Amino acid sequence: MNIVPNTIPESPIMQLHDPLIEKMQISVSIKRDDLLHPIIHGNKWRKLKYNLAAFASSDKSELLTFGGPFSNHLYATAAAGKIFKIPTRAIVRGPFLDESNPTIRFARACGMQLHPVSRIDYRQRHDPSYLEHLHTTYPNAYILEEGGTNRAALKGVNELAVSLPEHDYLLCPTGSGGTLAGLISGHTRKQVLGIAVLKEAQYLVPQINALAPQPTCDWRLMTNYHDGGYGRFSSSLWEFCQWMYRTHHLPLEPIYSGKMMYALWQLIEQGYFPAGSQIIAVHTGGLQGKDGLRYRQLINAS
């Protein structure tokens, strides 16, 4: 089974032109990984690509993973299962499923089997004894970590790192830490900045160090730009996302790449980047998440 096609072209790089950028005498480009795959967007395809290859070479017959009810990873894994004809199932943070939730509807339509558990049980997803229980319950399952973050995922993100042109700073949104770990382990340039999208994210640093024990560049996890915590955002952040689309035709959601771009804009205004700096920000996709935000009436319907 060939499930790692090499025919998917690299995503484009889009340069931003804005009075603020010109005033600060810097260059800002966006790596449009939201355009990388037509359904499995952005870093989700990067992280799934070699996990799918590992699954294909294993003796397992189904994929099992974890996610919240609006999870981009759950959506992407369900889509991959449908595309590559792989049975999938997911342990979903519950305890109940809202069958009208657009992410849940999509996963069901792709044939994914969903197993809602309580929040207390969901917290055990990294516990060895709980994982052993899952191995016993689903002996034919290739178990994929929440967010797809593991060493196989890093290989896909490494490809992104080496595809980039020269620059001084590289930014990415950071949730589980896999994308940041992949960039710093495959990056040979000056500095990588991870913009944490959840509160109190300093706990990610040892996890990132474990995934990338020998980083090839300077890196920093910036933890003050979460805008309220994971899944939360201010009206000013959402207004910024809408302004970015109107002004620069760059679609953003306010959970991941929107927070990164909002942080980047604040850093530019604060003079963080010296004149002459070349900056690349990675748009990691996740735009399907706006459907869930509209469903919950957290953003407008436009």
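In the block above lies the structure referred to throughout.
Described in the following lines is the structure provided in the data block. Quick caveat: nothing in here was measured; it's all calculated off a predicted structure.

### Side note on the sheet that holds strand β3 (residues 62-67)
Then comes step 1: Taken together, the 4 strands give an open sheet; going across it, the order is β5-β4-β3-β6, and neighbouring strands pair in parallel fashion. With one partner strand each, in any of the chains shown, β5 (113-117) and β6 (141-143) form the two edges of the open sheet. Averaged over neighbouring strand pairs, the angle between their axes works out to 25 degrees when direction is ignored.

### Looking at the nonpolar core
Then comes step 1: By size, the foremost hydrophobic cluster in this structure holds 60 residues, and its most contacted members are Leu 16, Val 28, Leu 171, Met 261, Leu 264, Trp 265 and Phe 273.
Then comes step 2: If sequence neighbours within four positions are ignored, Phe 273 has contacts with Ile 26, Tyr 169, Leu 171, Leu 193, Leu 264, Leu 267, Ile 268 and Ile 279.
Then comes step 3: Core analysis: the next-biggest nonpolar cluster, separate from the first, contains 14 residues, Leu 36, Ala 80, Phe 84 and Ile 86 among them.

### Looking at the sheet that holds strand β2 (residues 27-32)
Then comes step 1: The sheet built from 6 strands is open, its strands ordered β1-β2-β10-β7-β8-β9 with mixed pairing. Every other strand in the sheet has two partners, leaving β1 (13-16) and β9 (218-222) as the edge strands with one partner each. Between one strand and the next, the sheet's axes are offset by a mean angle of 25 degrees, whatever the strand orientation.
Then comes step 2: When β2 meets strand β10 (residues 278-283), the two strands line up parallel, connected through 6 bridges. Looking across to β10, one finds that Lys 31 is bridged to Val 282.
Then comes step 3: In the packing of helix α8 (residues 178-185) onto the sheet, the strands contacted are β7 (169-174), β8 (191-196) and β9, and the crossing angle to β7 comes to about 155 degrees.

### Quick look at helix α4 (residues 102-109)
Then comes step 1: Taken together, the buried positions of α4 are occupied by Pro 102, Thr 103, Ile 104 and Ala 107.
Then comes step 2: Tucked into the core, α4 has its buried residues touching α3 (72-84), β5 and α12 (289-295).
Then comes step 3: At the N-terminal boundary of α4, the capping side chain belongs to Asn 101, with an oxygen 2.8 Å from the backbone nitrogen of Thr 103.
Then comes step 4: Within two residues after α4, Gly 111 carries a phi angle of roughly 90 degrees, on the positive side.

### Focus: the packing of helix α2 (residues 42-56) against helix α7 (residues 151-163)
Then comes step 1: At a minimum axis separation of 7 Å, α2 and α7 run at an interaxial angle of 130 degrees. In terms of axis orientation, α2 runs oblique to α7. Viewed along their axes, α2 and α7 form a crossing whose handedness is right-handed. Taken together, the residues of α7 that come into contact with α2 (itself represented by Arg 46, Lys 47, Lys 49, Tyr 50 and Asn 51) are Ala 152, Ala 153, Lys 155, Gly 156, Val 157, Glu 159 and Leu 160.
Then comes step 2: Residue composition of the contact of α2 with α7, grouped by class: 5 nonpolar, 2 polar and 5 charged.

### Description of the pairing of β10
Then comes step 1: Within β10, 5 of the 6 residues are buried, which leaves it mostly tucked inside the rest of the structure.
Then comes step 2: Of the strand pairs in this sheet, β7 and β10 are connected by 3 bridges, and their pairing is parallel. When the bridges of β10 are listed, Leu 171 appears paired with Ala 281.

### Notes on the state of the cysteines
Then comes step 1: Under the definition given, this model contains 0 disulfides.
Then comes step 2: Distance from the sulfur of Cys 172, which forms no disulfide, to the nearest cysteine sulfur (Cys 217) is 10 Å.
Then comes step 3: Summary of cysteine pairing: Cys 241 is not part of a disulfide, and the nearest cysteine sulfur, belonging to Cys 172, is at 17 Å.
Then comes step 4: Taking relative accessible area as the criterion, Cys 241 reaches 2% and is therefore assigned buried.

### What to know about the environment of Ser 71
Then comes step 1: Relative to the assigned elements, Ser 71 resides in the loop between β3 and α3.
Then comes step 2: Between the C-alpha atom of Ser 71 and that of Phe 233, which follows or precedes it by 162 residues, the distance is 16 Å.
Then comes step 3: Those residues in contact with Ser 71, other than ones at most four positions away along the chain, are Thr 103 and Gln 288.
Then comes step 4: A distance of 2.9 Å separates a polar side-chain atom of Ser 71 from the backbone nitrogen of Leu 74.

### Describing the environment of Arg 151
Then comes step 1: Note that Arg 151 resides in helix α7.
Then comes step 2: Take Arg 151: its relative accessible area is 52%, and that puts it in the exposed class.
Then comes step 3: Along the sequence, Arg 151 and Asn 51 sit 100 residues apart, while their C-alpha atoms lie 8.9 Å from each other.
Then comes step 4: Every residue in contact with Arg 151, bar those within four places of it in the chain, is listed here: Ala 210, Leu 211 and Pro 213.

Here is what the cut-offs are and how they apply
- Residues numbered from 1 in each chain as written.
- Predicted model: local features only at pLDDT ≥ 70, side-chain atom pairs only at ≥ 80, totals over all residues.
- Heavy atoms only, no water.
- Pairing = 2+ DSSP bridges.
- Helix = DSSP H or I, 4+ residues; strand = E, 2+ residues; numbered from the N terminus.
- Axes fitted to C-alpha atoms, helices over the stretch in contact; angles between N-to-C directions.
- Core = buried A, V, L, I, M, F, W, Y, C linked by side-chain atoms within 4.5 Å.
- Buried < 20%, exposed > 50% of the residue type's maximum accessible area, 1.4 Å probe, protein only.
- Contact = heavy atoms within 4.5 Å.
- Polar contact = N/O pair within 3.5 Å; in protein donor to acceptor, adjacent residues only side chain to side chain.
- Parallel < 35°, antiparallel > 145°, perpendicular 65-115°, else oblique.
- Left-handed = near helix turned anticlockwise from the far one by under 90°.
- Nonpolar A, V, L, I, M, F, W, Y, C, P; charged D, E, K, R; others polar.
- Disulfide = S-S within 2.5 Å.

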